[in-house]
Amino acid sequence: MYDAPLRKTDVEANEIKISAKDVQVFYGDNHAIKDVSVELQDKTVTAFIGPSGCGKSTFLRCLNRMNDTIDVCRVEGLIALDGEDIYDKRVDPVQLRAKVGMVFQKPNPFPKSIYDNVAYGPRIHGLAKNKAELDDIVEKALRRGAIWNEVKDRLHAPGTGLSGGQQQRLCIARAVATEPEVLLMDEPCSALDPIATAQVEELIDELRTNYSVVIVTHSMQQAARVSQKTAFFHLGNLVEYGETSQIFTNPVDSRTESYITGRIG
Amino acid sequence: MSDLKHHIATAFDRDLEGIQAQILKMGGLVEAAIHDSAKSLETRDEELAEQVRKGDLAIDEMEESLNEEAARVIALRQPAASDLRVVLSVMRMSANLERIGDLSKNMAKRTTVLAQMTQINGSTTALRRMARDVEMMLKDALDAYIKRDEALARDVIERDADVDQMYNTLFREFLTFMLEDPRNITSCMHLHFIAKNIERMGDHVTAIAEQVIFLATGEKPEGVRVKEDRTSSDPALSADL
């Protein structure tokens with residue numbers, strides 16, 4: 001008759017994929033991320049939630065060094081992927097981003113064919129020896145993106161001609177084509193209708209068997225539906241991090257409670 | 001919620017306040033039903049008993065409308081954390097209150113039958129005292145609900161042991177009366193059912209107090225409650241008479 005004890009998800013035993021310690025991010029004088037330490041698990045969907053401007057996207061972008069492209073942005077602290085510091089001088093950000101893929105808010109296919117969109121990454125990273133291998137990689141990626149059946153007969157049609165939901169799944173297929181280990185998603189469904197959203201969410205759940213997925217979302221229901229772990233950010237601080245079911249039924253911090261029950265925006 | 005700020009959507013606040021006001025109103029009706037049925041038993045007031053029987057319909061209807069309202073809040077507002085606990089606890093408490101209402105109605109029905117029989121000395125007074133204890137427990141459980149008072153809820157749960165104890169005593173008394181004079185059997189059977197009903201009411205009140213703890217803390221009360229009604233498990237209570 002009680003909902004406690006809460007259903008335990010099976011992720012506790014998973015290994016740590018990304019470990020962040022005392023991370024600070026500054027945009028010029030603006031201290032955007034304050035002392036964030038968190039351990040993200042492999043083969044787990046972790047959701048970052050919090051009000052606009054709380055730092056969740058900024059922190060997500062630290063995980064594949066996307067903030068390097070912003071001149072005024074300064075990142076301090078340690079972020080390690082499989083125990084190796086990703087901000088080490090010897091790390092090539094391009095290689096890092098092949099391992100840590102990213103999907104953005106708005107579907108952004110290249111103005112190329114569906115095939116070339118997916119083949120782009122494997123080509124520049126030299127993952128295929130010949131055309132047949134590349135064909136295999138493209139098919140596999142499109143299958144993982146749950147869009148193969150819809151596009152297999154028109155692989156050479158432009159990617160921009162697909163519907164919004166299909167474009168987003170194409171972008172996910174493109175992101176997984178380089179065999180990443182981590183997939184970062186910054187509000188991947190905010191431009192999609194509920195059906196396309198459900199398809200992408202189903203896809204995220206499937207991707208969990210192979211990847212560590214980190215998703216930033218404004219929809220708390222989405223975080224509750226797709227993730228096993230949830231991190232709540234507020235004003236640049238990581239306020240609470242725990243099992244999703246615990247965060248949504250019995251959060252420890254009153255700020256988390258206020259946010260998920262719709263009391264602060 | 002007193003300890004948290006208001007929702008950004010004020011209609012959500014109104015919805016939650018609405019179902020909580022309704023459960024308290026329902027609680028008030030059930031308190032009155034316990035009180036009146038026990039009173040009608042002691043004073044042999046058949047008219048009052050009839051009122052209790054009729055009044056149960058209103059309680060049943062409130063349970064139904066509360067469940068509908070709670071389902072609506074879940075569907076439209078997707079409550080989480082403490083909001084979800086408010087909705088869940090209201091649904092569970094309304095089921096407990098509805099059962100207490102039924103048990104009161106049953107007591108009132110038996111009042112009508114017992115009014116035609118000879119009194120068994122002092123028993124209805126004892127039953128009324130027992131019912132009053134349960135009524136006070138319910139009042140405190142509802143107060144604890146309003147104030148989210150975990151300590152008071154725990155106190156209510158502990159007091160259920162006294163009610164169980166009273167039931168044990170009455171059980172033995174009724175057995176004695178029946179052994180003394182078989183003409184007492186019919187009345188004593190009815191009186192025993194009433195005692196058992198009141199004891200069951202105490203259990204429902206306990207469940208309500210447990211909901212208060214769940215609401216206040218987010219966790220189910222720890223520890224196993226000791227059940228003091230041993231008449232069904234302890235042979236010594238039925239033997240040696």
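The rules we used
Residues numbered from 1 in each chain as written. Chains lettered and ligands numbered in written order. Predicted model: local features only at pLDDT ≥ 70, side-chain atom pairs only at ≥ 80, totals over all residues. Helix = DSSP H or I, 4+ residues; strand = E, 2+ residues; numbered from the N terminus. Rg over C-alpha atoms; globule rule 2.2 N^0.38 Å. Contact = placed C-beta atoms within 7 Å. Buried ≥ 20, exposed ≤ 12 C-beta atoms within 10 Å, placed from the backbone. UniProt positions renumbered as here; feature names shortened; annotations may be inferred. Pairing = 2+ DSSP bridges. Axes fitted to C-alpha atoms, helices over the stretch in contact; angles between N-to-C directions. Nonpolar A, V, L, I, M, F, W, Y, C, P; charged D, E, K, R; others polar.

Turning next to the overall build of chain B. Looking only at helices and strands, chain B features six helices and zero strands. For chain B, the α and β elements follow one another from N to C terminus as α-α-α-α-α-α. A globule of 241 residues ought to have a C-alpha radius of gyration of about 18 Å, and chain B, at 20 Å, matches this closely. Contacts spanning at least 24 positions in sequence make up 81% of the contacts within chain B whose residues lie at least 6 apart.

Summing up its helical and strand segments, chain A has ten helices and ten strands in all. Computed over C-alpha atoms, the radius of gyration of chain A comes to 19 Å, within 12% of the 18 Å expected from 2.2 N^0.38 for 265 residues, which places it in the range of a compact globule. Seen along its three principal axes, the alpha-carbon backbone of chain A occupies a region of about 55 × 50 × 35 Å. When each of the 265 residues of chain A is scored for burial, the buried share is 45%. Once local pairs closer than 6 in sequence are excluded, the contacts in chain A between residues at least 24 apart make up 69%.

With that settled, the discussion passes to the UniProt feature "domain: ABC transporter" (unreviewed entry) in chain A. With numbering aligned to this structure, UniProt lists the feature "domain: ABC transporter" (unreviewed entry) at residues 18–260 of chain A. Split by type, residues 18–260 of chain A is 37% helix and 27% strand. Its first and last C-alpha atoms lie 26 Å apart.

Before going further, it helps to spend a moment on the pairing of strand 7 (residues 182–186) of chain A. Residue and element names in this part refer to chain A. In terms of burial, strand 7 is largely enclosed, as five of its five residues are buried. Burial of strand 7 is two-sided: the residues Val182, Leu184 and Asp186 facing one way and the residues Leu183 and Met185 facing the other way are all buried. Sheet topology note: the strand 6 (residues 100–103)/strand 7 ladder contains four bridges and is parallel. Bridging across to strand 7, glycine 101 finds its partner in leucine 183. Pairing analysis gives five bridges linking strand 7 to strand 8 (residues 212–216), with the strands arranged parallel.

Now for helix 3 (residues 114–124) of chain A. Residues and elements named next belong to chain A. Regarding helix 3, the residues found buried are Ile114, Asn117, Val118, Ala119, Gly121 and Pro122. Looking at the buried positions of helix 3, the neighbouring elements they touch are helix 2 (93–99), helix 4 (131–144), helix 5 (148–151) and helix 6 (164–176). Count one or two residues on from helix 3 and you reach glycine 126, which has phi positive near 60°.

Take the sheet that holds strand 8 of chain A next. All names here are of chain A. Strand order in the open sheet formed by six strands is 6-7-8-3-9-10, and the pairing between neighbours is mixed. Where the open sheet ends on each side, the last strands, each with one partner, are strand 6 and strand 10 (237–243). Pairs of neighbouring strands in the sheet enclose a mean axial angle of 20°, with direction left out of account. Seen against the sheet, helix 6 touches strand 6 and strand 7 and runs at an angle of roughly 170° to strand 6.

Here we come to the sheet that holds strand 2 (residues 30–41) of chain A. Residue and element names in this part refer to chain A. Within the open sheet, the four strands sit side by side as 2-1-4-5. Their pairing is antiparallel. Strands with a single pairing partner mark the edges of an open sheet, and in this sheet they are strand 2 and strand 5 (84–85). Two strands pair when backbone bridges link them, and strand 1 (residues 16–27) and strand 4 (residues 73–81) are joined in this way by eight bridges, in the antiparallel orientation. For lysine 21, the partnering residue across the bridge sits in strand 4 and is leucine 78.

For the rest of this paragraph, the subject is unusual backbone geometry. Residue and element names in this part refer to chain A. We note that aspartate 35 has phi near 50°; this positive angle belongs to a residue other than glycine. With respect to the helices, strands and loops of the structure, aspartate 35 is situated in strand 2. For aspartate 35, a count of 14 C-beta atoms within 10 Å translates into the label partly exposed. With phi around 50°, leucine 235 is a residue other than glycine that occupies positive phi space. You can see leucine 235 is positioned in the loop between strand 9 (229–234) and strand 10.

Attention now moves to the interface of chain B and chain A. Contact residues are listed per partner, giving 18 residues for chain B and 15 residues for chain A. A per-element tally of the side of chain B that touches chain A places helix 3 (residues 81–114) of chain B first, with five residues. A breakdown of the residues in the side of chain B that touches chain A according to their chemical character gives eight nonpolar, five polar and five charged.

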